[in-house]
Amino acid sequence: MLTLIPLRPLLICFFVLQQTAWASTLVVALKSLPSHLDPRVVNQRLGKQISQPLIYQTLIRQDDTLQIAAGLATSWTSDASQQTYTFKLNPEAKFSDGSPVLAKHVQQVIEDFLTNHSPFRFLRKSIRGVSVIDRHTLKIDLFQPDSTFLFKMTLPIYKTVQGKLIGSGAFIIQEHTATELRLVANAYALQAPLLKEVIFQVIKDKQKLLQKLAKGEVGLAVNQLLADEFQDLPKGQFRFASSPALDYQYIAVNTRRPFLKETEVRQALAYAMNTEQLKASIGHSEATSANSLFPKNTMFHNENLQDYAYNPTLAKKMLQGRRFKLNYHTLETTPNFAKTLKKQLQQVGVALTIHYENPTSLLGKVNRGDFDLALMRWRGVSDPSLYFSLFHS
């Protein structure tokens, strides 16, 4: 039912970092804080970003290019059938109370996730059983070979001490309120953190944030300020940095519509879109235009995919003089993007009727196929197989 217009803004994480060295404490400004950081039930994206691996190290992890890398497990192997995996844990790893991280702890975590209502309950479909070989060796048996299994093993490892969860990350939770999260260094961390304390504070007002940054009361702001707002800060005192992210926006196309079934029509729509103008319309001119679901620095990016550079002349030629009327559905928060898109498509003979929706109604119409074009967004998907199940039809 859906196809994706290949040119779309790929979001980037933006950081405003104070150049001054923070000797022992770093204050980080965020728009909000997660309600809790319990790895057994946390499903908020921000909660996972803070808790893993700052508080809870994971069994294995994905690096910046999305490749599987060592976490608490330093190595892993599988048998010829690809149905049995053996993980070797780092014998130096310790929980924040000084006790060693053992294979039995990992076994207990996985069994918790298999039996309880956790964000990792999907493991039930993959894992047949978990067994301890020795203090630092664990064996996991699968029902059948699973090419995504290692991606699923980026699990936060914890243990319970007197009813309280503890991890083996670089920091420990000292205080957590609705407006502030205070983390202190874990003396038993595998790698001692450079900071003694990290304080996350909720600062929603941009003017207040700018003032705190200028006074040195905040050292790092994440996804709070855009490049033009950054210019208001004292020169030389701050650095504006960015890094590739897995978030992106795209135009979903309903290929059940007779005119949108045609490949050339969809290609013409892509050629008619000026991505630079679209990015600027939503205040993300620094974002990268993507031709893939994954950033170019990741192992899953296909360098051979075709780019549809802005070319309205070619778009008109491909449409062969035909004119279309399309219904475009988007969130109420993106009027500038919608108006820019409407103007661009109008230049090639496509009339766009804009329908502003709330998140629930937008998702409902897309799921029912009650749309022609829709502005959609995905966040944080790092496993390509998930996209296959989502978009293959």
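Heads up: the structure comes first, above all this text.
Residues numbered from 1 in each chain as written. Predicted model: local features only at pLDDT ≥ 70, side-chain atom pairs only at ≥ 80, totals over all residues. Heavy atoms only, no water.

1. Some words on the overall build of the protein
Rules: Segments assigned H or I by DSSP are reported as helices when at least four residues long, segments assigned E as strands when at least two residues long, and all are numbered from the N terminus. Each residue is placed in one exposure class: buried if its accessible area under a 1.4 Å probe, protein chains only, is under 20% of its type's maximum, exposed if it is over 50%, and partly exposed if it falls in between. The contact criterion used is simple: two residues touch if any of their non-hydrogen atoms lie within 4.5 Å. Where accessible areas are quoted, they stem from the Shrake-Rupley method and a 1.4 Å probe; at the residue level, only the protein chains shown are allowed to cover.
The secondary structure content of the protein amounts to eleven helices and 20 strands. Counting the 393 residues in the protein, one finds 48% classified as buried. Within the protein, contacts between residues at least 6 apart in sequence are counted, and of these 70% link residues at least 24 apart. For the protein, the exposed area adds up to about 19700 Å²; of that, 50% sits on carbon and sulfur atoms.

2. What to know about the side chain of N90
Stated precisely, the cut-off is as follows: Counting of polar contacts relies on pairs of N or O atoms within 3.5 Å, with two restrictions inside protein: one atom must be capable of donating a hydrogen and the other of accepting it, and residues adjacent in sequence are counted only when both atoms are side-chain atoms.
Along the polypeptide, N90 turns up in the loop between β7 (84–89) and α2 (103–115). A polar atom in the side chain of N90 sits 2.9 Å from the backbone nitrogen of E92.

3. Points about the sheet that holds strand β8 (residues 127–134)
Rules: Two strands pair if DSSP finds at least two bridges between them. Simply put, an axis is a line fit to the C-alpha atoms, just over the touching stretch for a helix, and the angle between two N-to-C directions goes from 0 to 180 degrees.
Overall, antiparallel pairing links the four strands, which are arranged β6-β7-β9-β8 in an open sheet. The open sheet has two edge strands, β6 (73–78) and β8, and neither has a second partner. The average angle at which neighbouring strand axes cross in this sheet is 20 degrees, direction not considered. Inspection of the sheet shows β6 paired to β7 by five bridges, in the antiparallel sense. Each residue of the ladder has a partner; that of S78, found in β7, is Y85. Helix-sheet contacts for α2 involve β7, β8 and β9 (137–142), and the interaxial angle to β8 is about 165 degrees.

4. Focus: the environment of L260
Turning to its location among the elements, L260 is positioned in the loop between β16 (238–254) and α6 (263–272). Residue L260 is classed as buried on the basis of its relative accessible area of 1%. Taking C-alpha positions, L260 is 8.0 Å from D372, a pair spaced 112 residues apart along the chain. Apart from residues no more than four positions distant in its own chain, L260 is found in contact with V253, N254, T255, V265, R266, L269, L326 and D372.

Scope: geometric values only; no functional claims are made or implied.
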